[in-house]
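An overview of the molecular structure
Chain residues, written in single-letter form:
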Amino acid sequence: MPEATITITDLPGAPGQGRCVTWNIFHESPEGEWQSVPQYPNKTVEVSGAPGAEIRLEGTNGPMRTEGIPLRDDEDHEMIKRAGMYHVALNPLWIRPRLVAGASATVRIVMTH
């Protein structure tokens, strides 16, 4: 069974100016690992994956991180997205993707100050 993975790197050519967090999530393990990145309020999300893949971007300010609340984009729509690039309108303490349809997806969030 495939396991969800996460990779965290500095932005190429701009150390300390931002981060790139990439989750690979699968039907068998649909929840990405929570990441705390409130120091980077500007978040651009890139979603790719198997045909029909949809993710929901979740956030929380709670210390237990048991349930995520769907985040919203700049047009005030819930962040339930197919392949494409989107901007996150909110900046919670914790953030993660959840696969809600399809077999697998890659979610990359580029974050800057």
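**Quick word on the side chain of Arg 96**
- With respect to the element layout, Arg 96 can be found in strand E9 (residues 94-101).
- Sequence-distant contacts of Arg 96, defined by excluding residues within four places in its chain, comprise Trp 23, Glu 31, Gly 32, Glu 33, Trp 34, Arg 56, Leu 57, Glu 58 and Gly 68.

**Here we look at the sheet that holds strand E8 (residues 84-88)**
- The strand order E1-E2-E10-E4-E8 describes an open sheet built from 5 strands, whose pairing is antiparallel. Strands at the two margins of the open sheet, each flanked by one partner only, are strand E1 (5-10) and E8. Ignoring which end each strand starts from, the neighbouring axes of this sheet average 15 degrees apart.
- Taken together, the 9 bridges between strand E2 (residues 18-26) and strand E10 (residues 104-112) define a ladder with antiparallel strand orientation. Of the residues in E10, the one forming a bridge with Thr 22 is Arg 108.

**A short note on the side chain of Thr 60**
- When you line up the elements, Thr 60 lands in strand E5 (residues 54-60).
- A polar side-chain atom of Thr 60 sits 3.0 Å from the main-chain amide nitrogen of Gly 62.
- Other than its neighbours up to four places away in sequence, Thr 60 contacts Trp 34, Arg 65, Glu 67, Pro 92, Leu 93 and Trp 94.

**Quick look at the pattern of salt bridges**
- Counted according to the given criterion, the structure contains 10 salt bridges.
- A salt bridge links Arg 108 to Glu 46; the nearest nitrogen and oxygen atoms lie 3.6 Å apart. With Arg 108 in strand E10 and Glu 46 in strand E4 (residues 42-49), this residue pair connects regions lying 62 residues apart in the sequence.

**A word on unusual backbone geometry**
- At Asp 76, a residue that is not glycine, the phi angle is positive and equals roughly 65 degrees.
- Looking at the secondary structure, you find Asp 76 in the loop between strand E6 (69-70) and strand E7 (80-81).

Calculation criteria
- Residues numbered from 1 in each chain as written.
- Predicted model: local features only at pLDDT ≥ 70, side-chain atom pairs only at ≥ 80, totals over all residues.
- Heavy atoms only, no water.
- Helix = DSSP H or I, 4+ residues; strand = E, 2+ residues; numbered from the N terminus.
- Contact = heavy atoms within 4.5 Å.
- Pairing = 2+ DSSP bridges.
- Axes fitted to C-alpha atoms, helices over the stretch in contact; angles between N-to-C directions.
- Polar contact = N/O pair within 3.5 Å; in protein donor to acceptor, adjacent residues only side chain to side chain.
- Salt bridge = Lys/Arg side-chain N within 4 Å of Asp/Glu carboxyl O.

Remember, this is a structural readout, not a statement about activity or role.
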